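The primary structure of each chain is shown beneath.
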Amino acid sequence: MSLPGVGNGRLISMDARDLVRSEKLVRSVRVLCTAQGLRSLRSAWRRRRSDAAALPRRGTELARVPGAVQGAEPEPGGGVVRFARSSLRVRVTTGGAVFCGWDGAEPEPSYALDGPCPEADERAELEPDTGGGWRVVSERVTVTVGRTGTVEVRTPGGVVLRRDLPPRWWEPAGARGPVGPGAGPTGPRPGLGSATPRPGVGLTGPRAEPGAGTERRPGAGAEPGAGAGAGAGAEPKPRPGAEPEPGAGPAEPRLAEPEAGPGSVEPGTAPGPVKPGMAPGPTEPGAASGPTEPGAAPGTTEPGLEPGLGGEGGARWLQLSEVAADARFFGLGGRASGPRLRDGVYRLWNTDPGGSFEPGDDPLYLTMPVQLVVADAGTHLVFHDNSWDGTVTLREGEEGAGSGHDRPGGCRTRMEGGPLRYWVIVGTTPARVLHGWAALTGAPAVPPRWALGHHHARWGFRDAEEVRRVVAGYRERDLPLSALHLDIDHLIGHRVFTVDGARFPDLPGLAAELLEDGVRLVSIVDPAVKAEPGNAVYESGAADDVFVRDARGREVRGVVWAGESAFPDFTDPRVRKWWGGLYAERLAQGFSGVWHDMNEPVSFAAFGETTLPRSARHALEGRGGDHREAHNVYGLAMARAGYEGLCELRPDERPFLFSRSGWAGLQRYGGSWSGDVATGWAGLRASLSLVIGLGLSGVPYSGPDIGGFTGSPSPELYLRWFQLGAYLPLFRTHSAISAGRREPWEFGSSVLEHAAAALRERQRLLPYFTTLAQLAARTGAPYVRPVWWRTPKDRALRDCEDAFLLGDALLVAPVLEEGARRRPVRLPRGRWYDTVTGRAYHGPGQVVLDAPLSGIPVLARAGSVVPVAAPDGGVELEVWTPSQGRKGVGAGTLAVDTGDGWKKPELLRFTTRLRDGEVTVEREGGGEVDYRIRVRGEAPPSEDRRGPRTN
């Protein structure tokens, strides 16, 4: 092997990238020389062999498009539109959400939905549309289905928010499909949320007529980048050899060389034992493959489908979509580049990037096929309910200048298997859309009040005495601290659910001691269990058969910090129950909460993907399947197991749980954090992008590792990160074992002074944070919101990514550049007050504000009511002077604290007005305002503020 920069025995010039590659290669060689490195090499080789044996090559594939419309059948909330080679079910629910399922795909089963599918809107009707298509008309949305399979989502006024072009599938050549007129499937297709297929459904090569939207070449597979097919009624084709851009219209089927698979099936290999509800792996030619969705006949495989590919994965598919030319994209889970998602390819595969990440690194730990699209015409959210590996390619549109034509924005969604089904939620504002998203996927969990304070963590606490010293350091300097987190170093050899008694001889006693100072302990929990005799957790799991197995029925082994380990199959309800019971040990040790790490899942590997084999078998709630479908929901299912276990073990308290990985619906069980963000100014900016993006994807509780996970931050960088973190939901310092300490006093007296001010301000705002947590649970609105939240039509605000709203009342403008002491701030419409000076500014527009090291700019909306902690420990209302007149009416909400149990607090709503120079505060619905009121902010010109008056 030649090192980069060395060729033919002589040194050649090296650029920066060559140096980085050389450095990584040298580090990799050093790691491989260790015992852990050799284990990771063996694990990677084992994973590759497993996939080569169990996942067959795709071989010849056929491209298919829906074809021409044949008819429709009304159903509650919509109906089924039938095409020559497919069918589309459209259903509008009572909440206004639209479900679209191709090839008979149904909304259930789903890991994302919170319980059963919402009821259909009985008032929505399916009716013929002009041009030969059909449409579903409801009060909130209209869905128009074209004669070749285009789907348009319109506002009640008829404005198109989204236009999905006819999809395209790539299926194994032997799969049966509809070929005759009107032969569209009446039930789901195999692997696509399907019931048993009906005769005559599917594709067969000999019966596919020329021009019917299919094309075959022996030994060649269609590449899912070729656009939608050329069936009847297809749009004009692009120039030969050109791949259509998103939104460019369907193209003629283009076949490419077959996709390189991991290998073929080893003949004569008998499948091993499998868990109840799991299908045997596809190891023997012709072996039965299990059902993938409810309704599929167990132990059957569609004739002609390769086991483990068509029978379980179904077809690969591609969908091109168009949005308004002025639209902007947000969401897709946690992305380091954002929150506005610019042109590019975003992968949907939860991934540990290894080491650390910065803007531009993609994918990361928590990906979701959830897009929030904001345009002048309205806001909509689209969610492709498919957990397979895939990509989303985005392209922003352009508005024509003068007489020029608009170029719509485009989205290209490509999935490697699974159902083509998606939900669309529309609304005039992002608040309405995310309210609908929360109604569909579940209300965000409300963290205990203490979890909204400051957390301190570090990988590398040596023993109990060091923990005591750190907590004492906070107490001696009068710095508020709510929780201290213990990383893997408090475990015996990194084994989960253990405690190193030599370093922590009395952990329950330590926890009780810290609790007297108001500090809770939080424990890390990794999913992997070290596979060794004598390990009680492993022996218990092996006896109950809870671990993921391969296609031959053997335990899948990976390598993590503890060494060779097995992985619980959290997609099995029985396993979740077993795992949830293990948290009794954490509670007995005195821990008050948990954080889940390494649950993408991660298995160290010297090469290839650092996760489980794609052929690994999972229960998938009894349907059976492999890791290709289970990978992205693994962390979500683990979070569910932990949350439900903690609820059962301690039923009177709300659990505290946050997870590095997850999927759509994670908010039901807790929150997330940034993961291993790189130390640096770029990492600081990336951490803000992640928090805003996760909030717009439905996960409102999150935060970064303050100071970055790797490296030692400069005092200025640490302080600016700390000041940002004070206004984020999860306020936690954390670092790697080699990255130095993160206590505020370690960075000098000046940093300590300013960090202490940020900590005290966070403590003062706790009533506001607890109110935001309750509002998130009831409305789905994130704590941290983009500055365009209330005015999405303001295009300048849509492009603002360096500031955010904390609730509706506060605008926070963090310092993200080294050496900056002033910074521009773009203001939404209205009057805004500097919370330090009280000076008023008017939006919309941009102002330049001072940003000294003592604090970052924070502005308050005129008329807002912010509940804060009073000096005596109670709650007072901080009222910012409203503007004069009817349009100057302000408002605010207070969630009355009811402790950390399950009782829902009363939400008190207040309104404010400025009348004749007097600030009036009233409680909605009548009643007295039983809280002290403090009015702040300059009175508007020519007005005399006389003080507060309450009714």
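Residues numbered from 1 in each chain as written. Predicted model: local features only at pLDDT ≥ 70, side-chain atom pairs only at ≥ 80, totals over all residues. Heavy atoms only, no water.

Now for the packing of helix α8 (residues 573-588) against helix α10 (residues 634-649). One way to put it is that α8 packs onto α10 with a least axis distance of 8 Å and a crossing angle of 55°. It follows that α8 is oblique to α10 by the angle criterion. Judged by the sense of rotation from one axis to the other, the crossing of α8 with α10 is right-handed. On α10, the residues touching Arg576, Lys577, Trp579, Gly580, Gly581, Tyr583, Ala584 and Leu587 of α8 are Ala637, Met638, Arg640, Ala641, Gly642, Gly645, Leu646, Glu648 and Leu649. A class-by-class count of the residues in the contact of α8 with α10 yields nine nonpolar, four polar and four charged. (Axes fitted to C-alpha atoms, helices over the stretch in contact; angles between N-to-C directions. Helix = DSSP H or I, 4+ residues; strand = E, 2+ residues; numbered from the N terminus. Parallel < 35°, antiparallel > 145°, perpendicular 65-115°, else oblique. Left-handed = near helix turned anticlockwise from the far one by under 90°. Contact = heavy atoms within 4.5 Å. Nonpolar A, V, L, I, M, F, W, Y, C, P; charged D, E, K, R; others polar.)

Attention now moves to the confidence of the model for the chain. Summarising the model, the chain shows a mean pLDDT of 84, and 80% of its residues fall at 70 or more. Below pLDDT 50 for its whole length, residues 1-29 participates in 16 contacts with residues either more than four positions away or in separate chains. Between residues 178-311, whose pLDDT stays under 50, and residues either more than four places distant or in other chains, the model counts 377 contacts. (pLDDT = per-residue confidence, 0-100.)

A few words on the side chain of Arg720. With respect to the helices, strands and loops of the structure, Arg720 is situated in helix α12 (residues 715-725). For the buried Arg720, no salt bridge exists, and the shortest N-O distance to an oppositely charged side chain is 4.8 Å, to Glu716. Within the local environment of Arg720, its side chain forms a polar contact with the side chain of Gln723, the two groups lying 3.0 Å apart. At 2.7 Å, the side chain of Arg720 and the backbone oxygen of Ala851 are in polar contact. The contact partners of Arg720, leaving out residues within four places of it in the chain, are Trp681, Leu684, Val815, Ala820, Arg821, Ala851, Pro852, Leu853, Gly855 and Ile856. (Buried < 20%, exposed > 50% of the residue type's maximum accessible area, 1.4 Å probe, protein only. Lys, Arg positive; Asp, Glu negative; His and termini not counted. Salt bridge = Lys/Arg side-chain N within 4 Å of Asp/Glu carboxyl O. Polar contact = N/O pair within 3.5 Å; in protein donor to acceptor, adjacent residues only side chain to side chain.)

Under the definition given, this model contains 30 aromatic pairs. Relative to Trp579, the ring of Phe570 lies with its centre 5.2 Å away and its plane at 80°, an arrangement referred to as edge-to-face. Look at Phe570 and you get buried, because its relative accessible area is 0%. A residue is classified by how much of its surface remains accessible, and Trp579, at 0% relative accessible area, is buried. Each member of the aromatic cluster is reached from another via a ring pair, and the members are Phe497, Tyr538, Phe547, Phe570, Trp578, Trp579, Tyr583 and Tyr634. A cation over a ring is seen here: Arg614 above Trp349, with NZ or CZ 4.2 Å from the ring centre. (Phe/Tyr/Trp six-rings, centres within 6.5 Å; stacked < 30°, edge-to-face > 60°. Lys NZ or Arg CZ within 6 Å of the ring centre and 35° of its normal.)

Assignment of secondary structure puts Thr835 in the loop between β40 (822-834) and β41 (840-850). Since its relative accessible area comes to 17%, Thr835 is described here as buried. For Thr835, the contacting residues outside a window of four places in its chain are Val858, Leu859, Ala860, Trp880 and Arg936.

A word on the nonpolar core. Inside soluble globular proteins, nonpolar side chains tend to come together where they are buried. One finds Trp579, Phe804 and Leu806 to be the most contacted residues of the largest nonpolar core, which totals 181 residues. Both domain 1 (63-171 + 315-441) and domain 2 (862-950) contribute no fewer than three residues apiece to this core. In this structure Phe804 touches Leu688, Ile692, Leu724, Tyr727, Leu728, Val784, Arg785, Val787, Leu810, Leu811, Val812 and Pro814, once residues within four positions along its chain are discounted. Formed by 40 residues, the second largest nonpolar core is a distinct cluster that contains Val92, Val143, Val153 and Leu341. (Core = buried A, V, L, I, M, F, W, Y, C linked by side-chain atoms within 4.5 Å. Domains from an automatic or database assignment.)

Here we take up the pattern of salt bridges. Applying the stated rule across the entire model yields 74 salt bridges. Between Arg347 and Asp389 there is a salt bridge; the shortest N-O distance is 2.8 Å. Separated by 42 residues along the polypeptide, Arg347 in strand β18 (residues 344-348) and Asp389 in the loop between β20 (378-384) and β21 (390-395) bring together distant segments of the chain. Judged by relative accessible area, which is 9%, Asp389 ranks as buried. Three or more residues are tied together by salt bridges with common partners; here these are Glu761, Arg764, Glu876, Glu878, Arg932, Arg934 and Arg936.

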